[in-house]
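Observations on the three-dimensional arrangement
What follows is the residue order along each chain.
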Amino acid sequence: MDPGVDGRRDDGRGTGLTRRQYLTALGAGGLVSSLAGCGEPNDIVDSPQVFGYQFPYDAESVHLGPWSASDPLGFYPILHEAMSHKTPGQGRRLGDVVDSVDSDGSTADVALAEGFSWWSGDPVTARDVWIEDRIQSFVTERPTPDVELLDDYRLRYEFDRPLDRPLVLSTVASGAVRTHADTYEPWLDRLRDAGTEDERAEIISDLRGNSRGLQEIADEGLGCGPYELVEVSINRLMFERFDDHPRADEISIPRLWFPVVQEVSIENLIKKGWLDGGNGLLRNERGSPPEHLEQLARFRVNSGTKLVLDWRNDHLARPGVRRAILSALPVDDVVEVASWGEPTRLQTGLAAPGDRRWLPEALRDKLHEYPIEADEDRAAEYMRAAGYTRDGNDRWRGPDDRLATIQMGTPVWNNFVSASEVVSETLERFGFDVSIDRVSNTNIHYDITNHTYDLMLWRFDGWPYSVYDVSSDAATSIGYGVSGPDEVLSSQGKPVEPSVPETPGEVDASDADRHTVDLFDAWRDIQRPSDRATTVDAISTFATWWNDALPDIYLGTSVGGLWGNTRDFEWPEYDSDTEYGAAGPGNQPVFHLLKQGVVEPAADE
């Protein structure tokens, strides 16, 4: 169809309105009235010139920014240009806004591409990225690399030691360009001028609570992606192609709309066919989607869900008890009830794609496979071997005659609650004394960071450069928080120099058939630049130890996917489903496809 004189299609049904005027005229009431059940074709919903995607937030309370307390992680990537993209089971690829990342020893030079601009018209420069890095150095408690602004488009990072390239990229190019320098520089000035830690803490608190709202983002042009936010209402957001973006000519779909789903369920919008694409699996959505919505790809990702174990609980400190817990649990049922993908068959600390990429087949064949179906007989054998006996109430008591007690926590999210009920009821029935708390969203960060509970359902990041980082205290990783080679235990009582069986997978090996490994040294081997054989050997050391010791218990590897409207849009053909999983920050593969211009209106429009 031919555009109007101003470059916009006349969709006003003969009224002479421009597309933007037409969309605005529908206003807040347009969404509500259409959802009421009008069966006629709708110029937004049914047009291949407009792509619909959910906005599962309260549009009025959302505030965007790297340090915002209400930053919409599943939405902000559509606003900004990604510095890199990840594909499940593969490495990180630089985005178009980054020309190059060159590392030499402990130094890395980052060159940004020229030609990108903010919607306001200001050029995207290295100063935008430098401002974010400098503010982050004040906000975080973890060490950050020194960063120098070399010129308008180049930065230099200095690390405290040489890093392997995947770690370099994840440090200097894992996010998006989202901090407009002139907007955030006053915050940096305040942090620099603060005379005390209390003053800095107060400024950081202000920063978290005073980030820009959606309307301010639109009015001030504080995005730099190929789609510009042009309308914000309580019921929807509208985007239009940003003509000054370097990829503007490649963008085939001129407009995006994001219906707000606070009042209308996502399932209802899917059933009505109001959404043209989404992440995940359609089968996990309630209701019956229309025929033109099809599952386009399905792939394992590098993350999942696990039980975080605190070894300061005397029972969980015993390997036999940890193995008994895993054996007693119906892992397959837990994963199914929570829709958590595929049950973990090989406990290594890696997600399934990482197992295949990093562990030699000969090692994978040797590692111990724990059951994914409940095996109470095997679990009881582990308990007895650990010195436990059942009392008159059929409860397990340890070698010191203490009751096997576990305090468990779970987020209040529906799938976590459902899974926690299966876990707690199974362990209670098996003979543990289990108490469980549902942790509110306001307390979850504190409780998971401070390991308030013996057993906690949480997510994991199963990529070796994340999960095996012994310096990180993040619960999604190994969670050690070890700062130097002289530390013996993590804050949760887990050893830095554990023993592993001489033959991988021999979990019953005697002390004579074991040797000690240094996890801190192994992490250094992963961290530093080295040949693949050295890196694989270090990763294999961690995997062998994890398989034997079960520092945490993995339940399921997440299965991602992508579904879309195949009636009104043409989707790209790839050699592998995982190519559909390519995504920048926020893990939004649909956004990636839209922003690359590879989803097109149907040819017959």
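Our structure's up above, just so we're on the same page.
Below or above, wherever it landed, is the structure these notes cover. It should be emphasised that the depicted structure is a prediction, and the values quoted were computed from it without experimental measurement.

It is worth spelling out the sheet that holds strand 12 (residues 227–232) at this point. A sheet is described by the order of its strands in space; here 4 strands give the open sequence 1-14-13-12, paired in mixed fashion. Of all the strands in the sheet, the pair left with one neighbour each is strand 1 (50–52) and strand 12. Averaged over all adjacent pairs, the angle separating strand axes in this sheet is 25°, with direction ignored. Of the pairings in the sheet, the one linking strand 1 to strand 14 (residues 255–259) comprises 3 bridges and is parallel in character. Paired with glycine 52 across the two strands is tryptophan 257, which belongs to strand 14.

A sheet is described by the order of its strands in space; here 4 strands give the open sequence 6-7-9-8, paired in antiparallel fashion. Either end of the sheet is taken by a strand with one partner, and the two such strands are strand 6 (98–104) and strand 8 (146–151). Neighbour to neighbour, the strand axes of the sheet diverge by 20° on average, direction disregarded. Across 5 bridges, the pairing between strand 8 and strand 9 (residues 154–158) is antiparallel. Looking across to strand 9, one finds that valine 147 is bridged to tyrosine 157. Along the sheet, helix 2 (residues 126–139) makes contact with strand 7 (107–112), strand 8 and strand 9, crossing strand 8 at roughly 165°. Against the sheet, helix 3 (residues 165–172) makes contact with strand 6, strand 7 and strand 9, and its axis sits at roughly 130° relative to strand 6, the strand it touches most.

It is worth spelling out the nonpolar core at this point. Ile135, Phe432, Tyr468, Phe542 and Leu555 are the most contacted members of the largest nonpolar core, which has 113 residues in total. Considering each element in turn, this core owes the most residues, 8 residues, to helix 17 (residues 532–549). Beyond its immediate stretch of four places on either side in the chain, isoleucine 135 contacts Trp67, Tyr184, Trp187, Leu188, Leu191 and Leu207. Membership of the second largest hydrophobic core comes to 38 residues, among which are Val232, Phe258, Phe299 and Leu593.

Quick look at the pattern of salt bridges now. If the charged atoms of two oppositely charged side chains come close together, the side chains can form a pair. Taken as a whole, this structure holds 30 salt bridges when the rule is applied. Note that aspartate 548 and arginine 323 form a salt bridge whose closest N and O atoms lie 3.3 Å from each other. With aspartate 548 in helix 17 and arginine 323 in helix 8 (residues 319–328), this pair connects stretches of sequence that are 225 residues apart. By relative accessible area, aspartate 548 is classed as buried at 5%. In this structure arginine 323 comes out as buried when scored by relative accessible area, which is 7%. A salt bridge links aspartate 525 to arginine 528, with the nearest nitrogen and oxygen atoms 2.4 Å apart. A cluster of three or more residues bridged by salt bridges with shared partners is formed by Glu81, Asp96 and Arg247.

Here strand 14 lies mainly inside the structure; 5 of its 5 residues are buried. Two strands pair when backbone bridges link them, and strand 13 (residues 236–241) and strand 14 are joined in this way by 5 bridges, in the antiparallel orientation. Pairing of arginine 236 across the sheet is with proline 259, part of strand 14.

Here we come to a negative patch on the surface. The grouping of Glu502, Glu506, Asp508 and Asp513 at the surface amounts to a negative patch. By secondary structure assignment, the location of aspartate 513 is in the loop between strand 23 (499–501) and strand 24 (514–516).

The geometry of helix 16 (residues 519–527) relative to helix 17 is characterised by a closest axis approach of 8 Å and an angle of 145° between their N-to-C directions. In this structure, helix 16 meets helix 17 at a crossing whose hand is left-handed. On the side of helix 16, the interface is formed by Leu519, Ala522, Trp523, Asp525 and Ile526, while helix 17 contributes Thr534, Thr535, Ala538, Ile539, Thr541, Phe542 and Trp545. Within the contact of helix 16 with helix 17, the residues separate by chemical class into 8 nonpolar, 3 polar and 1 charged.

The rules behind each value
- Residues numbered from 1 in each chain as written.
- Predicted model: local features only at pLDDT ≥ 70, side-chain atom pairs only at ≥ 80, totals over all residues.
- Heavy atoms only, no water.
- Pairing = 2+ DSSP bridges.
- Helix = DSSP H or I, 4+ residues; strand = E, 2+ residues; numbered from the N terminus.
- Axes fitted to C-alpha atoms, helices over the stretch in contact; angles between N-to-C directions.
- Contact = heavy atoms within 4.5 Å.
- Core = buried A, V, L, I, M, F, W, Y, C linked by side-chain atoms within 4.5 Å.
- Buried < 20%, exposed > 50% of the residue type's maximum accessible area, 1.4 Å probe, protein only.
- Salt bridge = Lys/Arg side-chain N within 4 Å of Asp/Glu carboxyl O.
- Patch = residues over 30% accessible without salt bridge, like charges linked within 9 Å, V, L, I, M, F, W, Y side chains within 5 Å.
- Areas by Shrake-Rupley, 256 points an atom, 1.4 Å probe, with all protein chains shown as cover.
- Lys, Arg positive; Asp, Glu negative; His and termini not counted.
- Charge placed at Lys NZ, Arg CZ, Asp CG, Glu CD.
- Left-handed = near helix turned anticlockwise from the far one by under 90°.
- Nonpolar A, V, L, I, M, F, W, Y, C, P; charged D, E, K, R; others polar.

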